[in-house]
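# Observations on the model geometry
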Amino acid sequence: MPRATRDINLEVAGQLFDMALVHASQHGRLAYRRAAQVLLRLETPIDALAATGSLRDIPLIGPASERIIRETLEHGASPAVERAIAGSGKADDVREAHAHRTNFMSRAEALRVLRSRAPAGVIGQDDYRGDLQMHTEWSDGSVGVAAMAKAAMERGYGYIGVSDHSYGLKIAHGMSMADAARQRKEIERLNREWDGSFRVFQGIEANITADGGVDMTAEELATFDLVLAAPHSKLRTSDDQTARMLAAVRHPAVRILAHPRGRMYSRQGVLARWDDVFAEAERHDVAIELDGDPYRQDLDFGMAKRAMASGCLFALDSDAHSGAELAYSEYALAHARKAGIPARRIINTWPADQLADWAGRRKKAPSKPSPRRRR
């Protein structure tokens with residue numbers, strides 16, 4: 001199969017993750033998982049590196065991992081991993097894990113997609129003006145608002161949306177409304193200093209409750225420039241959660257449905273009739289997010305094509321928790337490129353004033369489905 005349609009780093013990392021699932025020792029499981037994560041972060045295809053000599057020059061790749069890598073490159077799968085799975089009694093666990101890994105990309109593959117020529121009108125890196133999901137030290141991020149803004153300026157952005165977690169998500173050190181008021185003053189001061197050369201929007205990542213509401217009052221939500229809503233619970237259940245997600249996109253304050261499934265490389269995320277959710281998001285003018293966190297990649301390009309067919313708008317975001325992680329937006333861009341999403345349908349390509357106008361527009365529930373989808 002041509003490399004253009006094969007993500008070799010992802011394939012090999014999958015073999016290492018399988019070995020991590022079935023290995024008898026905790027130390028072995030950790031070592032294989034770390035080796036797999038290294039492969040997913042490499043910017044060069046592993047077969048090109050393997051052709052140059054020892055793979056043990058790559059951090060965290062030991063002799064056992066190198067053997068699995070070379071077996072996979074030679075045979076398409078590792079006989080050593082296949083034997084380990086067969087003897088482990090965990091073949092069902094491995095099959096379930098494979099089902100969760102649909103349409104992920106390694107960093108090498110994401111970069112390959114971004115370096116390829118984009119079809120006319122499809123989002124390109126130069127179209128991207130700013131990132132709208134990131135977290136600072138006001139919740140579970142590692143740096144402050146000013147540091148995130150300066151890192152974004154270095155990437156050539158014109159604006160960012162800081163979207164710390166809401167107070168209902170205690171595990172992520174959700175921001176209190178008192179802290180939100182202090183953060184707002186900081187953002188206003190920074191925006192005055194930059195005087196239009198760069199802009200910070202104060203957003204909030206509200207938590208979608210079990211019934212589809214959000215964990216903040218209407219009065220609280222109204223104080224923010226931009227409201228994202230995301231699921232952080234019921235992410236491993238087989239229940240159909242269509243009603244929950246429909247309620248979330250109908251919420252009058254919600255403008256972006258962030259990492260809609262809440263999936264990770266190791267979990268399925270929310271199960272729903274997603275075409276119904278996307279159609280409702282289009283009716284309510286809610287943008288669907290492609291979250292670029294490498295272990296989320298949610299939505300992926302396959303699901304994004306379905307959302308595009310429903311006429312949705314999109315947000316492409318990094319979900320960064322530090323300045324360096326702003327680079328995660330490149331995964332979101334790569335998925336958007338593979339899905340063929342036009343730049344005009346992506347709110348991160350809009351000028352700041354247009355984005356502010358859209359974000360502040362009060363939503364009105366239509367009496368009937370939209371007769372025409374966006375093109």
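Residues numbered from 1 in each chain as written. Predicted model: local features only at pLDDT ≥ 70, side-chain atom pairs only at ≥ 80, totals over all residues. Heavy atoms only, no water.

### Concerning the overall build of the protein chain
- Scanning the protein chain from N- to C-terminus turns up 15 helices and seven strands.
- Its C-alpha radius of gyration of 21 Å places the protein chain within 12% of the 21 Å reference for a compact globule of 375 residues.
- Each principal axis of the C-alpha atoms in the protein chain carries an extent, and together these give about 60 × 45 × 45 Å.
- The 375 residues of the protein chain split such that 54% are buried.
- In the form shown here, the protein chain has an accessible surface area of approximately 16,500 Å², with 50% of it arising from carbon and sulfur atoms.
- Positive and negative charge centroids in the protein chain, built from 53 and 50 side chains respectively, lie 4 Å apart. (Helix = DSSP H or I, 4+ residues; strand = E, 2+ residues; numbered from the N terminus. Rg over C-alpha atoms; globule rule 2.2 N^0.38 Å. Buried < 20%, exposed > 50% of the residue type's maximum accessible area, 1.4 Å probe, protein only. Areas by Shrake-Rupley, 256 points an atom, 1.4 Å probe, with all protein chains shown as cover. Lys, Arg positive; Asp, Glu negative; His and termini not counted. Charge placed at Lys NZ, Arg CZ, Asp CG, Glu CD.)

### What about the pairing of strand β6 (residues 287-291)?
- Within β6, five of the five residues are buried, leaving the element largely enclosed by the surrounding structure.
- Residues Ala287, Glu289 and Asp291 point to one face of β6 and Ile288 and Leu290 to the other, with burial holding for every one of them.
- Where strand β5 (residues 256-257) meets β6, two bridges bridge the pair, whose relative direction is parallel. Of the residues in β6, the one forming a bridge with Ile256 is Ala287.
- The parallel pair β5 and β6, bridged by helix α12 (residues 274-283), forms a crossover whose chirality is right-handed.
- The pairing of β6 with strand β7 (residues 314-317) spans four bridges and is parallel. Within the sheet, the bridge partner assigned to Leu290 lies in β7 and is Leu316.
- The parallel pair β6 and β7 is bridged by helix α13 (residues 301-309), and the resulting crossover is right-handed. (Pairing = 2+ DSSP bridges. Right-handed = clockwise from strand over helix to strand, strands pointing away.)

### Re helix α8 (residues 145-154)
- All of the buried residues in α8 are Val145, Met148, Ala149, Ala151 and Ala152. On an axial view of α8, the arc spanned by its buried residues comes to 160°, and they lie on one face.
- Its buried side turned inward, α8 meets β2 (159-165), α9 (177-194) and β3 (199-208).
- Gly156 sits one or two residues past α8 and shows a positive phi near 90°. (Arc of directions from axis to C-beta. Contact = heavy atoms within 4.5 Å.)

### Section: the packing of helix α11 (residues 242-250) against α12
- Contact pair α11 / α12: the axes reach a minimum separation of 9 Å and the direction vectors enclose 10°. It follows that α11 is roughly parallel to α12 by the angle criterion. Along the contact surface, α11 presents Thr242, Met245, Leu246, Val249 and Arg250, while α12 presents Trp274, Asp276, Val277, Glu280 and Ala281.
- Tallied by class, the residues present in the contact of α11 with α12 amount to six nonpolar, one polar and three charged. (Axes fitted to C-alpha atoms, helices over the stretch in contact; angles between N-to-C directions. Parallel < 35°, antiparallel > 145°, perpendicular 65-115°, else oblique. Nonpolar A, V, L, I, M, F, W, Y, C, P; charged D, E, K, R; others polar.)

### A closer look at the pairing of β2
- Buried residues dominate β2, accounting for seven of its seven residues.
- Along β2, one buried face is formed by Tyr159, Gly161, Ser163 and His165 and the opposite face, lined by Ile160, Val162 and Asp164, is buried too.
- Two elements, β2 and β3, share seven bridges in a ladder whose sense is parallel. Residue pairing across strands places Asp164 opposite Ile204, the latter belonging to β3.
- The parallel pair β2 and β3 is bridged by α9, and the resulting crossover is right-handed.

### Details of the sheet that holds β7
- Taken in spatial order, the seven strands of this open sheet run β1-β2-β3-β4-β5-β6-β7, and their pairing is parallel. Looking at the sheet topology across the chains shown, the edges are occupied by β1 (130-131) and β7.
- Pairing geometry for strand β4 (residues 226-231) and β5, over two bridges, is parallel. Considered in β5, the bridge of Ala229 is made with Leu257.
- Lying over the sheet, α8 contacts β2 and β3, oriented at roughly 140° with respect to β2.

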